[in-house]
Each structure stands twice: as C-alpha cells, then as structure tokens.
Amino acid sequence: MHLDAKVPSGPLAEKWERHQFEMKLINPANKRKYSVIVVGSGLAGASAAATLGELGYPVQCFCFQDSPRRAHSIAAQGGINAAKNYQNDGDSVHRLFYDTVKGGDYRAREANVYRLAQLSVNIIDHMTALGVPFAREYGGHLANRSFGGAQVSRTFYARGQTGQQLLLGAYSQLERQIGLGTVQMHPRTEMLDLVIVNGHARGIVTRDLVSGAIQTWAADAVVLATGGYGNVFFLSTNAQGCNVTASWRAHKRGALFANPCYTQIHPTCIPVAGEHQSKLTLMSESLRNDGRVWVPKDKADVAKSPRDLPEEKRDYYLERQYPSFGNLVPRDVASRAAKRVCDEGRGVGPGGLGVYLDFADAIQRLGQAAVADRYGNLFQMYERITAENPYQVPMRIYPAVHYTMGGLWVDYNLMSNVPGLHVIGEANFSDHGANRLGASALMQGLCDGYFVLPYTIGHYFATARQPKVTGTEPEFTAARAEVAARTQRLLDIGGKRSPTSFHKQIGKLVWDHCGMARNRAGLQSALDQIPGVREEFWRNLNVTGDGESYNVALERAGRVADFLEFSELMVKDALDREESCGGHFREEHQTPDGEARRNDEDFTHVAAWEYTGDVSAPRMHKEPLVFDVVHPSQRSYQ
C-alpha cells in the first residue's frame, strides 16, 4: 500500500495558501446536497460541525455524553498556543513550527505542523471574537504565559479553565446551527461501527445509550473527532468515558492506525492515592511557570516536612539539569526526570512516587494575591482532592498518562486512507510527532475543525463524485447486524468478572511494560500476556442487565473489548520501534545522561498499521518523513 500524504508542492510557507487555491470548490447552493456525519463534539467536533453547518452542509453530530458541553476538551486547563508575538520576545510562525517539530522529536510531518503554526493566529482572533474571556494585560492586550518546550511566551489562557471556555465558545456556535436546523445533534449516542460502500466511508452504526436502539446513519462523508486512547492504561487524566472504540472500529474497516505507541506522560499530575482510584487528576502545566520542582538531595530526608528542609538540602533537578529551560522543559523530559529521582529513592509522599511543586518563592516575590489570580481555581482543586493547602506546603505531583499522539493515519487533507473518512483533533496522528508540547492540543482541535476540514471536505465532495446512499444498502444492513451480534455476545457470556476488573488488569499490564519507560523484555512479556487476558474476557465476563435499556456495564464492556485488541497493536508498535523518541522511551536506546536517542537512519517514518483480520498479525506500512526545513538533531534543552 502506497501512503500518499498529498502534501502540496512549493515552499513550506506557501503550501497551504497554494493548496487552498488548487482545491476544487462546491457552489454555496450545492453544499446543501452533501451531508456530513461528525462523531464527537469536543473542540474539534463542535467547531467542525458548526462551521460545516454554517457553510450549508446538512450535518448529523453524535456524542455519547448528555451534552456537547461534557466533552473532554473542558479538561484542558493551561492554555492554547498562537504565534502572535504580543510579548515582543522573538516569537514567530516559524519559531512555533520549529518548537513543535523539535518537541515532537522530529517524528511529525513538516507541512502539517507549519500549517498549524500559520493558522494559530486565526484561532485566537476567532475565539476572542466569540467572547472567550482570555486573560488580558493592564493595557487591554491578551496576556500570554510560558509553557514547556518554548523560550517565548505564546500561550493564551483563561485562568485554569482555558479548555472549558474555548469549548463553550465552540458550543455556542454549534447550538446556533442546531437552532437553525443545519445541524442535528444526537447526544447519548455511541458510534459502534463504520459503514463502507464502494470503498468510501458512507455512514455509521450507533447505539442509543438510553434506549439501547441500534441504528444506521448515512451521509456523503464521515468525520471522526473522538479524541485519544489514553484510557487503555485505565488510570489516566482522561475522563472515564474516553475510549478507542470509534477509531478502532474504523481501523477494522480498513483505516490505518499510525504510531499507536506514541502516548504522552504528563509530569504535573496528582499522584495515585490508592487501589480504588478510577482516574487521575491533571494539574495544569501552567503551574510550572511559577512553581519550582524539587526533591530532597538525601534519601534520608524524604519523610521530613518540606518546610523543614533548607535550600542547600533541596535538589531543583530540572533547573540543575536543564539550565536553559529549567522547569519548562517539555513534558516527556520532565516526566522522565521525575521518574529518575523517584527511582533513586528520593521521591516524596506515599510509596515515594511524588516530587514537590513549590510556590513559596513565587508567593514571596509576587504576593499570594497575584499567585491566586493566576492559579486560584487550580489551587482550590488541589486542596479539595488532597486536603493540603498549596499556599502553605508544596504540591506533590507525579507523571501520568495524558494525551495520545498516535491515531488514525490522515493525509494533508485530514482524510484517512479510506476515502470519505476524515479524522480530526486527537483522533488523528498528524501534528505532534512523538511528544505534544503543552497548549498545542486545543490549537490543533480548533485548527482542524474551523480552518482546515471545511476546505478539504469540499474538495473531496467535488472530486469523489460518489452516488447517493440511502442507508438501505446491504452494507448498512450487514454492519448493523454485526453490531447487534457483538452486543448480544457480550451479554451472553455470563461469567464472573466485571468489565472494570478487566480494564484494570490490562491497564496495569500496559503501564508496567509500555508506559513511561519500555524495554524489549517487558514489551515481549506484554505481547505474550495480552491474548490470554482477552481470551478470559470473552470467557468470563459478566455484564448485568440487558441491551434494550440504559446499561453502563454494557457500554464499558464494549470499550474494554476494544482496548484489549488495541493494546496489542500499541505494544507491537513500541517493540518494533527500536529507538527512543519523545514519549516513546526505550531503555536500550538512551544517551549516557539518560536522554532519548533516536535512530534517524531506520525510523524516520510514520508506522501505519493495517488490520488484516487477525488482531495479532497486523501489517505495517511506512510513510517516510522528509525534513526540508528543520533538520533532525539530538534534542537538547540544556
């Protein structure tokens, strides 16, 4: 299979503008003739559905939450990047592009990243016009703060609620289109399969989570905006409902899954508190602007109160190891550094799995009121969860699974190798390489939904010229029957274990062997064990209730079944990639000082996996990554 990324010709800075002119257009009146299904209503899905509806396309939008406002995009706290250079500190589109390619450890497609940097300035203007309450300087300009992986201040923010405020902006536009009738919203509805007709994606199969009704929906194109797969680890910063199901079902219908081993570990999370915990809580990366990260120098001091340790007994290890970036090194670097000091026995808190994030210096320098103005809601959240006041004692943090850079393979037009299936936001692989810089997720989701997909999907309609489908074709009937049979199979097992117990088991297995650090022996052990867990799942699962009503156990069972298949592909991808890059850290491939060591000669490519009918025998295809502007070098933040 040849992977054609469809990257336009010409200089990098001119590719998108040239491509916009070269793409074929749809007459405004004719847009009403082409219907679109959008699955997901977070920032990517809501912005895409609203914009396509505004353009005149009839849109059906689906989400499994009770409202689009419940999408996991609200969990993004710290900010959104844009190359506005309001601080006059040397930022530019090219610098944002460079920082993003470097931050992803040179494993992203140059053209997509440059377009993202270009469009970032439009995103901020658009969301400001929508009324998003970004923080402002005294003179009225939008304020910026620093984030990891950059030496300029380019992150726009709304205190610690940036994702929520942006989602409300996109949601307001979506609701306007719903009111006008151009978008029909289907909440509490989960996509369970993709329908392919004549080689093109032409519809989906869904289950109504309240009534249990299984239905088919037809359209001229399908857009997946369903987020990432971080919940494969069970404990993550994702909402419990986040899953891989939509992407995985599309993968089993022919869509290639790219770089599944690229998962991001966020360094600033509240440490695990106990065995009964169902998720982890993210503390915004923005806290690393003013908070200083440290552990005791001496293992004998880890049990002492942090306020009893003078400066000379503290190791501000990020400032010591990375003097140029200090506490604002990228997430993968900060996470591994925290793991190293904890592995040395210098971690703090229960189990020694924690480091301090200390605001004492900032409070003394700025005053508590100023710190509260910047981070007050985050401090409140931390105190409610831990019963510790971070104004008085340092926060305790530890890395946790957060974001996934892998996803379905897409070309420059955000279309998968299955014609008509477009994939946007975190659900695709395209912009972040092996590690995402903080504040770039919101940027990509809005960029894809507002400023890229509305152009490229029109080009698809103008060139594909597929006949209309009604939903009565045999492909729809067959897909619906398969979903019904799979649902009934889950209900009929009648075993003794809950879906959650299997989720915890596979999550711990994947975290232990394919988490923050990986090695050949551990990955091979995981590959050996996963099929056995999957076999027991289909033999010993117990799903209470029935399929004709609201049934949370049934929902979870279907999602865990997909994680049990997907996890094997993720581990296989990690085992195949004999290098360390970004969030993929193979212990066999590191520099003498413990940094990731890439293998550019053999692995400067996207690994795109094809489903062959056997989840244990996927076929890999490679898209070579060509760097014409930024030349790969050993990443250094020192």
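1. A few points about the side chain of Arg109
Take Arg109: it is sitting in the loop between α3 (93-103) and α4 (110-129). A residue is classified by how much of its surface remains accessible, and Arg109, at 6% relative accessible area, is buried. At 2.9 Å, the side chain of Arg109 forms a polar contact with the backbone oxygen of Val410. Among the polar contacts made by the side chain of Arg109, one reaches the side chain of Glu623 at a distance of 2.8 Å. Dropping the residues within four chain positions of it, Arg109 is found in contact with Ala5, Val7, Trp409, Val410, Asp411, Tyr412, Phe429, Ser430, Glu623 and Leu625.

2. Points about the layout of surface pockets
The calculated volume of the second largest pocket comes to roughly 740 Å³. Forming the boundary of the second largest pocket are 24 residues, of which Leu235, Val272, Lys508, Trp511 and Asp512 lie nearest the centre. Broken down by secondary-structure element, the contributors of at least two residues to the lining of the second largest pocket are β15 (395-404) and α13 (499-514). Among the elements that line the lining of the second largest pocket, the one with the most residues is α13, at five residues.

3. Focus: the sheet that holds strand β14 (residues 355-358)
Across the sheet, five strands lie side by side as β11-β15-β14-β12-β13; this open sheet has antiparallel pairing. Bordering the open sheet on either side are β11 (263-269) and β13 (314-315), each of which pairs with just one other strand. The sheet contact formed by β14 and β15 spans three bridges and is antiparallel. Note that in β15 the partner of Val355 across the bridge is Ile397. Each of β11, β12 (292-296), β14 and β15 touches helix α8 (residues 331-343); the most contacted strand, β11, lies at about 65° to it.

4. Quick notes on empty space enclosed by the protein
Under the definition given, this model contains six cavities of 30 Å³ or more. Looking at the largest cavity, its volume works out to about 140 Å³. Taken together, 13 residues line the largest cavity, and the ones lying closest to its centre are Leu192, Thr487, Leu490, Leu554 and Gly558. Looking at the lining of the largest cavity, the elements that each hand over two or more residues are β6 (189-197), α12 (474-492) and α15 (552-576). Across the lining of the largest cavity, the residue classes tally to five nonpolar, two polar and six charged. Among the domains, domain 1 (35-265 + 403-464) and domain 3 (474-598) are the pair contributing at least three residues each to the lining of the largest cavity.

Calculation notes
Residues numbered from 1 in each chain as written. Predicted model: local features only at pLDDT ≥ 70, side-chain atom pairs only at ≥ 80, totals over all residues. Heavy atoms only, no water. Helix = DSSP H or I, 4+ residues; strand = E, 2+ residues; numbered from the N terminus. Buried < 20%, exposed > 50% of the residue type's maximum accessible area, 1.4 Å probe, protein only. Polar contact = N/O pair within 3.5 Å; in protein donor to acceptor, adjacent residues only side chain to side chain. Contact = heavy atoms within 4.5 Å. 1 Å grid on protein atoms, 1.4 Å probe; cavity = no way out; pocket = protein on both sides within 12 Å on 5 of 7 lines; lining within 4 Å. Points joined across faces, edges and corners; volume = space filled by probe spheres on them. Pairing = 2+ DSSP bridges. Axes fitted to C-alpha atoms, helices over the stretch in contact; angles between N-to-C directions. Nonpolar A, V, L, I, M, F, W, Y, C, P; charged D, E, K, R; others polar. Domains from an automatic or database assignment.

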